[in-house]
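# Remarks on the overall topology
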Amino acid sequence: MTRVPISLIGPDADYSDKTVKGKVVRIGRLVSLASDNNLLKTVIQEEDSPPNASAQNPSINVVLFGGLAKDFNQAVNQGDVVVASGFTVGRSPTVHKDKLHPFNLLLSGDEARVYMISHVSRATKAPKYTYSGLDALKAGSVVNAYGVVVFFKQPFKSRGTDLCSTLKITDQSNQRIACSVFGEKLENHPKVFQVGDIVRLHRFKVQFFNSSMTLVNTFGFSVLAFDGAEGGSMEPRTSSRSFHLDQEDRRTVEELRSWAAGQALLPPTPTTPLSAAQPKAYFDLTCQLLAKAPIDSTCTLLRVWDGTRCAHTLLKVTVEPDATEGPSSFSEARERLIANILVYDNHVELAGQLKPGDFLRIYNLRAIPGSSKVPGHASSHQQEEEEVDHLAFHLHGGTAYGRGIRVLPENSPDVQEMKRVMEAVPDEDDFSELNDSQLLEVWSTPPESAGESVVSRSCGHDTRTVTLSDLKRSDPGLVHHVRVQLRSYEPHRLHQALKLYCSKCTSMEDVPNDELVARLFSEASEDPAPCSPPAWALSGRVAIPGERPAPPTRAVGVHLSTHPVTQLFSFFFHAAGSTLEETRRLAAGYQNVVPVRSSGGHMALLDLSAPFLFRGLKRYFGCKRCSEAAVREPVCAEGLEPIDEKVLAEALGVQLLQFVLLMKLELQDASDRLDVFLWRDAESFFGVSAEDAAANQEAQNSIRQTMASLCPAGGSTGTSGSRVYTAQSGCSFTDMLQEY
DNA sequence: GGTTAGGCTTTG
C-alpha cells in the first residue's frame, strides 16, 4: 500500500491500495444507529505533509462505522497517530462549517482498518486545570479558582456594551474576593441563584483595586455554578456544551459544601414564600409569572403566585385588560393567591422579556403595607382607606442589595418544590382560565344561545336530581345532577373533537390536517438555499424505510444529536427535502424526528402548524403564540433521563400543546333541552387520553363505541332508541353504566 | 483581547 497525502484526497479515485496517516485531533461521540450499527466521527491532522503539498498540516474528517467505530472509541486518545486503509471518499457535508477538507474518509465494511502508530496515555489526555486558593492570588496573573458565593448581583446592563455580573466569593482561606463578569450574552453569565452557590472560574484575571483583589473574566473564560447544599446536585449550571468535570472537581465542590455548611454561609431560608411575607421586610421570592402589564415607562406590574396564600390581604391593582399580557382575570380562588409586584426603572426592561408561565426568582423584593399609589392609577380616598392593610410588593430601581429578577429553569429543585405546592392547590386545574365564551369561540358551530352552557364541577355525588328546566332557572355556578337523554352530539367525526390546548396562553385550536401539514413539508423542501448544520450535529444520510414490497428507497440528509452521557443515539433531526410521508416512515424507525428546513442558510423548524416532533405514531405540536423556536441541542439536566417531547420542546423553545377532547352534547328531559360541553372531564369520561386518541385506532374506537351506545342513532334527530343515564361530572362512562 | 464595575442602607 502507498500513503496518500491528505491534501491530495479527492473524488473519482481508487483508494483500495492507499493509506492516510495523521494525528487524532478530535474524537466525536460514538453514535448508535439503527440495527446495531455505530458511527463515530474523528478528525486527523497530517503532521509531516510533503513539502509540495498545497496546505501545511491539513486535517480531514474520518467517519468510522460498525465495530470499527466501537473499537476506535475505546482504544484511541486525542494525540494518537493513526493510519487508515480500506476507506472510500465522500463529500464532507460540514466543510463550510468546519473549514476542513472538502472530502471525508469513510471507513466501513470488512476492508476498513485503522492502525495505531503511536499512543498517548490517558493520564495526559485532558489538560489539567490547577486552582488557586483565594489567598494565593497574584495581581496580573490569570487563574482558575473555586469559591462559595457570599454576595451576587444578577447580570445587569453596564454603561459599556456588556452585561455585568458581580460576585463576592470565599473559600477555606476566608478571603473574600470580588469578581466581575462582563459579557454581551446573558447565557454566558454565571447562573448563580442564591448565596451559598459554588462557582468554578476558569481564566480570570487578578486585578488590584483599592488594595483589594478582583477577579475579572478574560478571553476564553468559563463559569460553572453548583448548588451549594450538601448532598445537592452535581450537575453544573452552564450554557457551555463542552465543559469538563472530573472526579477531582466533584470532590472540590463537596469539600466547599461541607466547609460552607460549617461556616453557616448558606442562608437558613433562601427564599420566602408569599405565606411568610411580612410587611416592610425585604425578601427573595420564587414564583411563577401569570400575567404582566405595563403601568408607565418606569413601572411594570407582574402578577405572580407561588401556591401559598399570603397572611395579609394582597393589594389589588387594576389595569386595562387590553394592556395585560396573559389572562386579565382569574377565578376568585386564584385571585386570592396572586401577588401584584410593581417593578421599577432598570427592571422594567428585563420584565419586558418575561413571559407568562416563566418561573422567576425576584431578589430584594419589598413588601409594602397599606395602599400605595400606582402611577396613573391614583385611587380615591375611599379606596385607600379600604386597602390600608393590604400588601403590595415593590422591586425598587437599581441593583443595590442584588436587586433583580432571574428566570429559573423549570428543572431547578426550588421550582420543582413550588410546583408540588401549586399542584396541591384545590379547585384549580390546567383549564381554569378557559371560560365558556372562549370555548364557544373554539367551537366551529356555536349554539344559538351561549347562555345554555354550564361549567362542570367535580362534586360529592350526594346532590339530588333536578330537571333541566329547574337547572336553567337556578343560579349559575351551582352543581347539579340531571337525569337526561343524549339527544345528539357534535362533532360526529372524532378528529374534529380533538383540539390542541396551550396551558400558557390558554388558547385552543384544531389539529392541523394532513393536507396542510403535507403542504408545509413540500414548501419547506422547495427552499434551495444550502443549510449549514449546527456544530454539535452529526450530519449524514439515511435511507427512508420502505414499505413491503419495498419500493426504491430514497436517502435524506439528517443531522443527529446524541445523548451526552449514555451516548445512546436518541435524537434525530432530518433535513429539508423529505415529504410528510417519508417523515412518517422515518419516525417509525427512529426515536425522535424533528423536521427542519433551511432558513437564511441556517437550520430552522418548520412552521408550527406542522408537528415539531414525530415520536413513533405520535405527533407533537407547539403553540405559535408562545413558542420562540430555534434549533438547539437538547440537554438533559441530570444527563440520564430519556429525551422525550418535553425535553425537546424546552430545548427547541417550543411551548408544547396538549391534546384535549372537546364535545358538545345536547341533553334532553321532559322539561327542557340543554347544550353542554364535555371537555375538562372528557378523558376520564371516555377512559382514554386525548394524546392516545390522536395516535391510536384502539383509543378512537373506544370513544366511538361509548358515543354509539349513549346515542345509538348517532345523534340524528330520531332519538327514540336513546337510553337514559344519570350523569355526574367526574364520573367515567363505565361508572355510569354500573350505576344505571 | 479594549470598556463596563468595583455590593452597601433602597423607599414610587
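Residues numbered from 1 in each chain as written. Chains lettered and ligands numbered in written order. Predicted model: local features only at pLDDT ≥ 70, side-chain atom pairs only at ≥ 80, totals over all residues. Heavy atoms only, no water.

For chain A, the name recorded in an unreviewed UniProt entry is Protection of telomeres protein 1, with Cyclopterus lumpus as its organism. UniProt annotates chain A under Sequence similarities (unreviewed entry) with the comment "Belongs to the telombin family." (UniProt positions renumbered as here; feature names shortened; annotations may be inferred.)

What chain A contains, in helices and strands, is 17 helices and 35 strands. The buried share of chain A, taken over its 740 residues, is 47%. Relative to all contacts within chain A whose residues are 6 or more apart in sequence, the contacts with residues 24 or more apart total 64%. By element, 50% of the accessible surface of chain A is carried by carbon and sulfur atoms, the whole surface being about 36600 Å². (Helix = DSSP H or I, 4+ residues; strand = E, 2+ residues; numbered from the N terminus. Buried < 20%, exposed > 50% of the residue type's maximum accessible area, 1.4 Å probe, protein only. Contact = heavy atoms within 4.5 Å. Areas by Shrake-Rupley, 256 points an atom, 1.4 Å probe, with all protein chains shown as cover.)

Let us now look at the protein's contact with DNA strand B. The full set close to DNA strand B counts 28 residues, and Phe219, Arg366, Gly397, Tyr401 and Arg403 are the nearest of them. Counting only the atoms of DNA strand B that lie within 4 Å of the protein, the sugar and phosphate share comes to 28%. In this structure, Tyr282 approaches DNA strand B through a side-chain N or O atom, which is 3.5 Å from a base nitrogen. In this structure, His396 approaches DNA strand B through a side-chain N or O atom, which is 2.9 Å from a base nitrogen. Counting only elements with at least two residues in the surface near DNA strand B, the list comes to β10 (142-157), β11 (163-170), β12 (176-183), β13 (198-209), β14 (212-226) and β18 (359-369). Here the surface near DNA strand B is built from residues that sort into 11 nonpolar, nine polar and eight charged. (Near = heavy atom within 4 Å. Polar contact = N/O pair within 3.5 Å; in protein donor to acceptor, adjacent residues only side chain to side chain. Nonpolar A, V, L, I, M, F, W, Y, C, P; charged D, E, K, R; others polar.)

Structurally, the position occupied by Thr170 is in strand β11. Take Thr170: its relative accessible area is 2%, and that puts it in the buried class. One polar contact links the side chain of Thr170 to the main-chain carbonyl oxygen of Gln175, over a distance of 2.8 Å. Dropping the residues within four chain positions of it, Thr170 is found in contact with Leu134, Gly147, Val148, Val150, Gln175, Arg176, Trp259 and Leu265.

Right, let's talk about the packing of aromatic side chains for a bit. Under the counting rule described, the total for this entry stands at eight aromatic pairs. Ring geometry for Phe621 against Phe659: centres 6.3 Å apart, planes inclined by 80°, an arrangement best described as edge-to-face. With a gap of 38 residues between them, Phe621 in the loop between β31 (618-620) and α13 (645-651) and Phe659 in strand β32 (residues 658-661) connect regions that are remote in the sequence. The pair Phe621 / Phe659 is uniform in exposure class, with both members buried. (Phe/Tyr/Trp six-rings, centres within 6.5 Å; stacked < 30°, edge-to-face > 60°.)

Attention shifts here to the nonpolar core. Of all hydrophobic cores here, the largest spans 36 residues; its most connected members are Leu486, Met663, Leu665, Phe686, Ile703 and Met707. Once you skip the residues sitting within four places of it in the chain, Leu665 turns out to touch Leu486, Ser488, Tyr489, Leu674, Asp675, Val676, Leu678 and Met707. Counting 34 residues, the second largest nonpolar core, distinct from the first, contains Cys179, Leu201, Ala225 and Ile338. (Core = buried A, V, L, I, M, F, W, Y, C linked by side-chain atoms within 4.5 Å.)

Within an α-helix, residues lying three or four positions from one another point in the same direction, as the helix has 3.6 residues per turn. For helix α16 (residues 697-710), with 14 residues, the first-to-last C-alpha span of 20 Å sits near the 20 Å given by 1.5 Å per residue. Along α16, the residues classified as buried are Ala699, Gln700, Ile703, Thr706, Met707 and Leu710. Buried residues of α16, viewed axially, fall in a sector of 125°; they line one side. Facing away from the buried side of α16 by over 90 degrees, the exposed positions are Glu698 and Gln705. The opening residue of α16 is Asn696, an N-cap whose side-chain oxygen sits 2.9 Å from the backbone nitrogen of Glu698. (Expected span 1.5 Å × (residues − 1). Arc of directions from axis to C-beta.)

Attention shifts here to the state of the cysteines. According to the stated counting rule, one finds zero disulfides in the structure shown. Looking at Cys179, it has no disulfide partner, and the nearest cysteine sulfur is the one in Cys164, 9.4 Å off. What makes Cys179 buried here is its relative accessible area of 1%. (Disulfide = S-S within 2.5 Å.)

Quick look at the environment of Ala693 now. Its place among the elements puts Ala693 in helix α15 (residues 690-695). With a relative accessible area of 2%, Ala693 lands in the buried category. Once the C-alpha coordinates of Ala693 and Glu683 are considered, the two residues, 10 residues apart in sequence, prove to be 9.6 Å apart. Once residues lying within four places of it in the same chain are set aside, the contact partners of Ala693 are Leu498, Val688, Ala699, Gln700 and Ile703.

In this section: helix α3 (residues 247-263). When the terminal C-alpha atoms of α3 are compared, their 24 Å separation across 17 residues agrees well with the 24 Å that a helix rising 1.5 Å per residue should span. For α3, every residue scored as buried is listed here: Asp249, Val253, Leu256, Arg257, Trp259 and Ala260. If you follow the buried residues of α3, they end up packed against β10, β11, β13 and β14. N-capping of α3 is provided by Asp246, with a side-chain oxygen placed 3.0 Å from the backbone N of Glu248. Of the residues trailing α3, Ala264 is marked for its positive phi of about 55°.

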